[in-house]
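# Per-entry structural report
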Amino acid sequence: MAKIIVACGSGVATSQTVASKINRLLKEKKINSTVDAVDIKSLDNFIKDADVYVSIVRTNKKFTIPVINGIAFLTGMGQDKEFEKLVDAIKKADAKK
Amino acid sequence: MQMLKEVVNYILSLGAPVFVPIIMLIVGLVARMKFKDAFSAALTLGIAFTGMTLVINFMTGAISPAAQALSHRTGITLTAVDGGWPGMAAISWAWPYAFLMFPLQVGINIVMLIFNWTKTLNVDMWNVWAKIFTAVMVSYISGNMIMGFIAAAIQVVLELKAGDIWGPRVQELTGIPGVTVPHHITLLATILHPVEIVLNKTPLLNKKVDSDFLKEKIGIFGENEVMGAIIGLLLGFSAGYSISGSLTLAVQSAAALVLFPMISKLFSQALSPISEGISEFMRNKFSDKEVFIGLDWPILAGRSELWVAVIITIPILLISAIVLPGNAVLPFAGIINLSFVVAALLLTNANIIHMLIMGLLTSPLFLYAATFFAPYITRLGKSVGTVSIPHGMMLSWSTFESPDFRFLAAFAAKFNIWAILALIAWMGLFYWLYKDIDRQNKKVTITNDQEVDLS
């Protein structure tokens, strides 16, 4: 089962809003995965055992796992495209396991 | 009628962990959620209240004896325990009229968009709690609930106007187009704006600092468990605890700071179906209008300046709490000072030195507001029903957001002449800020357009 993390300033509000939405969308598609809201201050700790990172900020930092644009899930703009990317990434992560 | 009143009173007497889920269930069903989903959201809200009560009680239980020992030993009396914004957000939902804030915020936003009074479409429903909190503080202090709602309504308008000026700046700082941060914590820019003008005229303070590098070095001190452990250990030693006692307090404090966001997340989880529904409704309504979509501040959290400024402010806040005469608040769960940093980041365009100066200058403001509002926060906390605050202790919030606006609004609501005049002067300052940032935004767009022309 793929593990998805969503990070925001304290891992409470914005990240949880996005996580809840993604969770619902994935359930509708009958895709099994866990979606967790985490604190961006401790991102390095969480990213180690995650398969996909949904980001709501833009940084120059490079990550070893796929990064999805989480803003799309808040504004609705480009949401379908980002969700497709997310589903792809989950499938790839599941295939590896 | 009498019957209805008795029923309502009975339900309210059950305490927030029971009556708020009941309200939530009704709201969910009215919003045509499936019963199963509405029930699960409502129950999650009850769990969130119960969990938050546990954490607040655990925190006050661990910290109060240390704070009291500190006071006996040194004479430094810090009798208000800091529940931070997660604690405040939680107890705000215990206000019986809390849910009315959704239609108020959404209604004002729709009217202002229709009349072109704003370009901001705020879909951030989490921070509805900040309007509830304002309404509670103002109504407790003025004794008038209507005044609470009026203050909250003014806050909604100010947030949207602030959203209009921050939009271009958010894009400049994050590269994300079409969004803004209509958050009341940015309203602190109203009083920081004159400071920024002075700082801008001081050439030595306009140096570039590599904040990415700094964040890499000191970032660990911003992590909840590390920060909690350090504060707990320092508090233990200053209170004269033994080494084992201090170490225990350090681990307990780390636990409290890690648990706060975990529980707070449950509120957001419970409210997410409602907030999703509302934001979708708003976006569809104005889909053909050019707007800034208003989001919560963390879209700025990728800026390392923000975290560097916050972490360096932690010791400043702790020291201020000890040396400021009359301060009663022991900074703890609210010590990550977002209350100044978001405004400072936007206002200074991420000038880290300016931001730090603003952090230093505003610490007394937050601590004194926290001290002033502590009795009212304690009263709200006790209304949750099961929050127990030891005798002689209070609950507060060391980085009390929007201290200037909320303080003035509360006293203006009591029809104090000085407060009304001061609030009018504050509005004048806000107007100045609005005009100035708007002018700067236009300048930026013009230069950008010219660049396009040249290519």
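Residues numbered from 1 in each chain as written. Chains lettered and ligands numbered in written order. Predicted model: local features only at pLDDT ≥ 70, side-chain atom pairs only at ≥ 80, totals over all residues.

## Thoughts on the overall build of chain B
Selection criterion: Secondary structure elements are defined from DSSP: runs of H or I of at least 4 residues count as helices, runs of E of at least 2 residues count as strands, and each element is numbered from the N terminus. Values of the radius of gyration come from C-alpha atoms, whereas the globule rule sets the reference at 2.2 Å times the count of residues to the power 0.38. We call a residue exposed when 12 or fewer other C-beta atoms sit within 10 Å of its C-beta, buried when the count reaches 20 or more, and partly exposed for counts in between; the C-beta positions come from the backbone. By the convention adopted here, residues make contact when the C-beta atoms placed from their backbones lie within 7 Å.
Along the backbone of chain B there are 16 helices and 6 strands. A compact globule built from 455 residues would reach a C-alpha radius of gyration of about 23 Å, and chain B, at 22 Å, matches this within 12%. In terms of overall dimensions, chain B has a C-alpha envelope of 70 × 60 × 45 Å along the principal axes. For chain B, the proportion of its 455 residues judged to be buried stands at 54%. Of all intrachain contacts in chain B linking residues separated by at least 6 positions in sequence, the fraction that spans at least 24 positions is 78%.

## Observations regarding the overall build of chain A
Counting its regular elements, chain A contains 4 helices and 4 strands. Sequence-ordered secondary structure for chain A, helices as α and strands as β, is β-α-β-α-β-β-α-α. Rg of the C-alpha trace for chain A: 12 Å, near the compact-globule value of 13 Å for 97 residues, within the 12% margin. In terms of overall dimensions, chain A has a C-alpha envelope of 30 × 30 × 20 Å along the principal axes. Within chain A, the proportion of its 97 residues that are buried is 46%. Look at the contacts in chain A between residues 6 or more apart in sequence, and 58% of them connect residues 24 or more apart.

## Quick look at the environment of Leu235(B)
Residues and elements named next belong to chain B. Along the polypeptide, Leu235 turns up in helix α10 (residues 224-238). Taking the C-alpha atoms as reference, Leu235 lies 8.4 Å from Ala250; in sequence the two are 15 residues apart. In this view, Leu235 contacts Ala66 and Leu249; residues no more than four positions away in its chain are not counted.

## Things to note about the interface of chain B and chain A
At the junction of the two partners, chain B supplies 29 residues and chain A supplies 24 residues. In terms of residues, the side of chain B that touches chain A owes the most to one element, helix α11 (residues 243-285) of chain B, which gives 9 residues.

## Some points on the sheet that holds strand β2 (residues 120-122) of chain B
One key point about sheets: their strands pair by backbone hydrogen bonds, in either a parallel or an antiparallel sense. All names here are of chain B. The criterion, for reference: Criterion used throughout: strands pair if DSSP finds at least two bridges between them. Lines fitted to C-alpha atoms define the axes, with helix axes restricted to the stretch in contact, and inter-axis angles between N-to-C directions lie between 0 and 180 degrees.
Taken in spatial order, the 3 strands of this open sheet run β2-β4-β3, and their pairing is parallel. Each edge of the open sheet carries a strand with a single partner, namely β2 and β3 (179-180). Of the pairings in the sheet, the one linking β3 to strand β4 (residues 292-294) comprises 2 bridges and is parallel in character. Bridge assignment links Val179 to a residue of β4, and that residue is Ile293. Contacts between helix α7 (residues 145-174) and the sheet are confined to β2, β3 and β4, with β2 contributing the most and set at about 110° to the helix.

## A closer look at the pairing of strand β3 (residues 52-55) of chain A
The side chains of a regular strand alternate, residue by residue, between the two faces of the sheet. Residues and elements named next belong to chain A. Alternating positions in β3 separate into two faces, Val52 and Val54 on one and Tyr53 and Ser55 on the other, with burial throughout. With 4 bridges connecting them, strand β1 (residues 2-8) and β3 associate as parallel partners. Its bridge partner being in β3, Ile5 is matched across the sheet by Tyr53. When β3 meets strand β4 (residues 67-69), the two strands line up parallel, connected through 3 bridges. Paired with Tyr53 across the bridge in β4 is Val67.

## Quick look at the environment of Met88(B)
Residues and elements named next belong to chain B. Relative to the helices and strands, Met88 is located in helix α4 (residues 84-92). By C-beta crowding, Met88 is classed as buried, having 26 other C-beta atoms within 10 Å. Spatially, the C-alpha atoms of Met88 and Leu380 are 9.1 Å apart, while their sequence positions differ by 292 residues.

## Here's the deal with the packing of helix α8 (residues 189-200) of chain B against helix α13 (residues 338-348) of chain B
Residue and element names in this part refer to chain B. Condition: Relative orientations are named as follows: roughly parallel for angles under 35 degrees, roughly antiparallel for angles over 145 degrees, roughly perpendicular for angles from 65 to 115 degrees, and oblique for any other angle. By definition, turning the near helix anticlockwise from the far helix through less than a right angle yields a left-handed crossing, and turning it clockwise yields a right-handed one. Residues are grouped as follows: Ala, Val, Leu, Ile, Met, Phe, Trp, Tyr, Cys and Pro are nonpolar; Asp, Glu, Lys and Arg are charged; all remaining types, including Gly, are polar.
For the pair α8 and α13, interaxial distance at closest approach is 10 Å and the crossing angle is 45°. Comparing the axis directions of α8 and α13 gives the class oblique. Pair α8 / α13 crosses with right-handed handedness. Touching Ala189, Leu192, His193 and Glu196 of α8 are Ala343, Ala344, Leu346, Leu347 and Thr348, all from α13. Considering only residue class, the contact of α8 with α13 consists of 6 nonpolar, 2 polar and 1 charged.

## Some points on the pairing of β1(A)
Residue and element names in this part refer to chain A. Using the following cut-off: By convention a crossover is right-handed if, when the strands point away from the viewer, the path from the first strand over the helix to the second runs clockwise.
Counting buried positions along β1 yields 6 of 7 residues, so the element is predominantly enclosed. Pairing between β1 and strand β2 (residues 33-39): 7 bridges, direction parallel. Note that in β2 the partner of Ala2 across the bridge is Ser33. Running through helix α1 (residues 14-28), the crossover from β1 to the neighbouring parallel element β2 is right-handed.

## Description of the sheet that holds β1(A)
Residue and element names in this part refer to chain A. Read across the open sheet, the 4 strands follow the order β2-β1-β3-β4; overall the sheet is parallel. Of all the strands in the sheet, the pair left with one neighbour each is β2 and β4. Direction aside, the axes of adjacent strands within the sheet are offset by 25° on average.

## Section: the UniProt feature "domain: PTS EIIC type-2" (unreviewed entry) in chain B
Convention followed: UniProt positions are given in the numbering used here, feature names are shortened, and annotations may be inferred rather than shown by experiment.
Mapped onto the present numbering, the UniProt feature "domain: PTS EIIC type-2" (unreviewed entry) falls at residues 8-439 of chain B. With 70% helix and 4% strand, residues 8-439 of chain B has its two end C-alpha atoms placed 52 Å apart.

## Overview of α7(B)
This is how the line gets drawn: Here the bend at a residue means the angle between the axes of two seven-residue stretches, the one that ends at it and the one that starts at it.
The largest bend along α7(B) measures about 45° and falls at Trp166(B), with the proline Pro168(B) one to four residues further on. α7(B) sits mainly inside the fold: 21 of its 30 residues count as buried.

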